[in-house]
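Coordinate analysis (summary)
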Amino acid sequence: MKAIPKHFDILGQRIRVELLTNLEKDQQCYGKWHPSKNLIQLQAPSENHADDVILQTFWHEATHAMLDLLGYGTWSENEIVVEQLGQCIYQILKTKR
């Protein structure tokens, strides 16, 4: 998927992104942020996993990474805040002109 990077940098930290074919089955989720590894794992897009869902999940997990690296771990643990911020970032990027 072209819109999801293989890696990106935040605050001097390299964050790797892996697309996995069985993440939903194995972990019961579409994405996972591993702060100790600077790694985001995402379910790979497929016939059953629409690109938009995976992109939204990427921004959700990237929001976890941003908050953790900024030292806002308590906010990163709040899934409602993370989901709302991730959705805002996704919408901004999707609708920009």
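What counts, and at which threshold
Residues numbered from 1 in each chain as written. Predicted model: local features only at pLDDT ≥ 70, side-chain atom pairs only at ≥ 80, totals over all residues. Heavy atoms only, no water. Pairing = 2+ DSSP bridges. Helix = DSSP H or I, 4+ residues; strand = E, 2+ residues; numbered from the N terminus. Axes fitted to C-alpha atoms, helices over the stretch in contact; angles between N-to-C directions. Contact = heavy atoms within 4.5 Å. Buried < 20%, exposed > 50% of the residue type's maximum accessible area, 1.4 Å probe, protein only.

**Brief notes about the sheet that holds strand β4 (residues 39-43)**
As summarised here, the arrangement of the four strands in space is β1-β2-β4-β3, forming an open sheet in which the pairing is mixed. The strands lining the two open edges of the sheet, one partner per strand, are β1 (7-10) and β3 (31-34). With strand direction ignored, the average angle separating the axes of adjacent strands in the sheet is 20°. Where β3 and β4 come together, four bridges link them in antiparallel fashion. Looking across to β4, one finds that K32 is bridged to Q41. Running over the sheet, helix α2 (residues 51-69) touches β1, β2 (13-20), β3 and β4 and is turned about 165° from β4.

**Description of the environment of N22**
Considering the arrangement of structural elements, one finds N22 in the loop between β2 and α1 (23-27). Its relative accessible area of 41% is what places N22 among the partly exposed residues. Separated by 19 residues in the primary sequence, N22 and Q41 place their C-alpha atoms 11 Å from one another.

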